[in-house]
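Results of the structural survey
Okay, here's what each chain looks like letter by letter:
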Amino acid sequence: MREIVFMVSASLDGFFEGPERQIDWHLVDEELHDHFNEQLRTMGAFVDGRVTHELMAEFWPTADSDPAISRPMAEYARIWRDMPKMVFSRTLERADWNTTVVREVDPDAIAALKAQPGGNLALGGVDLARTFRRLDLIDEYRIYVHPVLIGRGRPGFPPLDADSDSVTRLRLAETRAFGNGVVLLRYRRA
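Described in the following lines is the structure provided in the data block. (Residues numbered from 1 in each chain as written. Predicted model: local features only at pLDDT ≥ 70, side-chain atom pairs only at ≥ 80, totals over all residues. Heavy atoms only, no water.)

**Re the overall build of the protein**
A tally of regular secondary structure across the protein gives five helices and 10 strands. Counting only C-alpha atoms and orienting by the principal axes, one finds that the protein spans roughly 45 × 35 × 30 Å. Within the protein, counting contacts between residues at least 6 apart in sequence, those at least 24 apart form 71% of the total. Taking the average location of the 24 positive side-chain charges in the protein and that of its 30 negative ones, the two points are 3 Å from each other. (Helix = DSSP H or I, 4+ residues; strand = E, 2+ residues; numbered from the N terminus. Contact = heavy atoms within 4.5 Å. Lys, Arg positive; Asp, Glu negative; His and termini not counted. Charge placed at Lys NZ, Arg CZ, Asp CG, Glu CD.)

Structure representation (C-alpha cells):
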C-alpha cells in the first residue's frame, strides 16, 4: 500500500517560509538536492495545494532548458515534469504538466488512491498538509531543519482547528545530518 509522505523544509524556529513567502534562506546545496531527487524520483505522484503547485509550475517545467542551471536542478526539473501530479483547489479550473485538479480532500478517495499500485505520494504545501493532518492521512513526516532562525513567517505546522484531536503520536525512523548543517528528522505514525 502506498503512503502519504509530507516533506517540508523548516527553519530551526519552525517556519517554512518568511513573512513575505521568502524561502531564500533554504540551504539547498548539491548534496541536499541530490538527496531530494533520490527520494522524489521513487514517488508515485506529487500531491499539492494550489499555491505550491502554481509556484512549482512557474519554474520547473522548463528549468532544465537553462544551460546555467545546476545538474541536480536539471534532474529535478525532469522528475517534476514527468511525475503525475494532483493539485487540490476549489478555484483552479485546469492545470498542465500531467496534473489532475481535485476539489476536496475526501478521506475515502485518498484511501483508494493509497491502495493503487505505485510509489508513495509526496504531499506538498503546509495548508494542504494541515487538512491531511486533521484527517489523519499522513503516514510519514520528513522535516528538513535548516540551521537558521528567521524570527517570523509561516509556521511549518499551523495550528489545527479547536475541535480537532491535536495529538499525533510519531516514532523516529531516521535522522541524517547533511554537510551544510541541514538535519533530516523522519517520523512515522506510531
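Now that the structure is up, let's keep going.
**So, the pairing of strand β6 (residues 121–124)**
In β6, alternate side chains face the same way, and those of L121 and L123 on one face and A122 and G124 on the other are all buried. One ladder, built from three bridges, connects strand β1 (residues 4–11) with β6; its direction is parallel. Paired with I4 across the two strands is L121, which belongs to β6. Looking at chain direction, strand β3 (residues 45–49) and β6 are connected through four bridges and run parallel. (Buried < 20%, exposed > 50% of the residue type's maximum accessible area, 1.4 Å probe, protein only. Pairing = 2+ DSSP bridges.)

**Some remarks on the pairing of β3**
By the criterion of burial, β3 is predominantly enclosed, with five of the five residues buried. Burial of the side chains of β3 extends over both faces: A45, V47 and G49 are buried on one face and F46 and D48 on the other. Sheet topology places β3 next to strand β4 (residues 85–88); four bridges connect them, and they run parallel. Considered in β4, the bridge of V47 is made with M86.

**Side note on the sheet that holds strand β9 (residues 170–177)**
As summarised here, the arrangement of the eight strands in space is β5-β4-β3-β6-β1-β7-β10-β9, forming an open sheet in which the pairing is mixed. A single partner strand is all that each edge strand has here, and the edge strands are β5 (99–102) and β9. Strand-to-strand, the axes of this sheet are offset by a mean angle of 20 degrees, without reference to chain direction. For strand β7 (residues 140–146) and strand β10 (residues 183–189), the ladder comprises six bridges, and the chain directions are antiparallel. Counterpart to R142 in the pairing with β10 is R186. With respect to the sheet, helix α1 (residues 30–40) is in contact with β1, β3, β6, β7, β9 and β10, its orientation differing from that of β7 by roughly 170 degrees. Strands β3, β4, β5 and β6 of the sheet are contacted by helix α2 (residues 50–59), whose axis makes an angle of about 115 degrees with β3. (Axes fitted to C-alpha atoms, helices over the stretch in contact; angles between N-to-C directions.)

**Quick look at the side chain of H35**
Tracing the backbone through its elements, the reader meets H35 in helix α1. A distance of 3.2 Å separates a polar atom in the side chain of H35 from a polar atom in the side chain of R176. H35 has contacts with Y144, R176, F178 and L184, leaving out every residue within four places of it along the chain. (Polar contact = N/O pair within 3.5 Å; in protein donor to acceptor, adjacent residues only side chain to side chain.)

**Details of helix α3 (residues 71–82)**
The terminal C-alpha atoms of α3, which comprises 12 residues, lie 17 Å apart, in line with the 16 Å expected from a rise of 1.5 Å per residue. For α3, the complete set of buried residues consists of P72, A74, E75, Y76, A77, I79 and W80. Among the structural elements, α1, β3, α2 and β4 are those in contact with the buried residues of α3. (Expected span 1.5 Å × (residues − 1).)

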